[in-house]
Amino acid sequence: MDREGPARAVVWVHGRVQGVGFRWWVRARALERGLVGHARNAPDGRVEVVAQGDPDQLREFVALLEEKPSQHLRPGEVEVCVTAWGAPRDGVMGFVEK
């Protein structure tokens, strides 16, 4: 991601990340960094995290999702994160668990 101004990341988190408080943790970390978006359970056991905001804060946030082992009390167990970067979308407010 090489851009100025707000950015967007769509992160598919694989591992044991459902039913362990992972989405709540993701929301808290996103709000601490002023990011907006959502975290949603997928039917196949992954969690989709969509976040947008300041590029530096966004990179830091994605690094927390990918961190192995977690030094920030991240619940569950993340095996791998697949991230797609892009331009932010209009009208996204707050950060919610879906």
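Quick note: structure is the one above.
Treat the numbers as computed from the prediction; the structure is a model and nothing was measured.

## As for the packing of aromatic side chains
Then, number 1: A full pass over the atoms with the stated rule returns two aromatic pairs.
Then, number 2: Ring geometry for Phe22 versus Trp25: centroids 6.3 Å apart, planes at 25 degrees, classification stacked. Residue Phe22 and its partner Trp25 are both found in helix 1 (residues 22-32); the two are separated by three residues, about one turn of the helix. Side by side, Phe22 and Trp25 carry an identical accessibility label, which is buried.
Then, number 3: Seen in terms of ring centroids, Phe61 and Phe95 are 6.4 Å apart; in terms of plane orientation they differ by 70 degrees. Their pairing is edge-to-face. Here Phe61 is found in helix 2 (residues 55-66), whereas its partner Phe95 is found in strand 5 (residues 95-97), with 34 residues between them in sequence. Accessibility assignment for this pair places Phe61 and Phe95 in one class, buried.

## Comments concerning the nonpolar core
Then, number 1: Ranked by internal contacts, the top residues of the largest apolar core, which has 22 residues, are Val11, Val13, Phe22, Val26, Val49, Phe61 and Leu65.
Then, number 2: Counting residues per element, the ones that place at least two in this core are strand 1 (7-16), helix 1, strand 3 (47-53), helix 2 and strand 4 (77-86).
Then, number 3: No other element matches helix 2, which puts five residues into this core.
Then, number 4: With sequence-adjacent residues up to four places away left out, Val26 is seen in contact with Ala39, Val49, Phe61, Leu65 and Phe95.

## Structural notes on the pairing of strand 1
Then, number 1: Summarising the sheet, strand 1 and strand 3 pair through seven bridges and their orientation is antiparallel. Across the sheet, the residue bridging to Ala9 is Ala51, located in strand 3.
Then, number 2: Bridge count for strand 1 against strand 4 is nine bridges, and the pairing is antiparallel. Of the residues in strand 4, the one forming a bridge with Gly15 is Val78.

## Considering the sheet that holds strand 5
Then, number 1: Strand order in the open sheet formed by five strands is 4-1-3-2-5, with mixed pairing between adjacent strands. Either end of the sheet is taken by a strand with one partner, and the two such strands are strand 4 and strand 5. Taken pair by pair, the neighbouring strands of this sheet meet at an average axis angle of 15 degrees, ignoring direction.
Then, number 2: Lying on the sheet, helix 1 is in contact with strand 1, strand 2 (36-41), strand 3, strand 4 and strand 5; it crosses strand 5 at an angle near 175 degrees.

Rules and cut-offs
Residues numbered from 1 in each chain as written. Predicted model: local features only at pLDDT ≥ 70, side-chain atom pairs only at ≥ 80, totals over all residues. Heavy atoms only, no water. Phe/Tyr/Trp six-rings, centres within 6.5 Å; stacked < 30°, edge-to-face > 60°. Helix = DSSP H or I, 4+ residues; strand = E, 2+ residues; numbered from the N terminus. Buried < 20%, exposed > 50% of the residue type's maximum accessible area, 1.4 Å probe, protein only. Core = buried A, V, L, I, M, F, W, Y, C linked by side-chain atoms within 4.5 Å. Contact = heavy atoms within 4.5 Å. Pairing = 2+ DSSP bridges. Axes fitted to C-alpha atoms, helices over the stretch in contact; angles between N-to-C directions.

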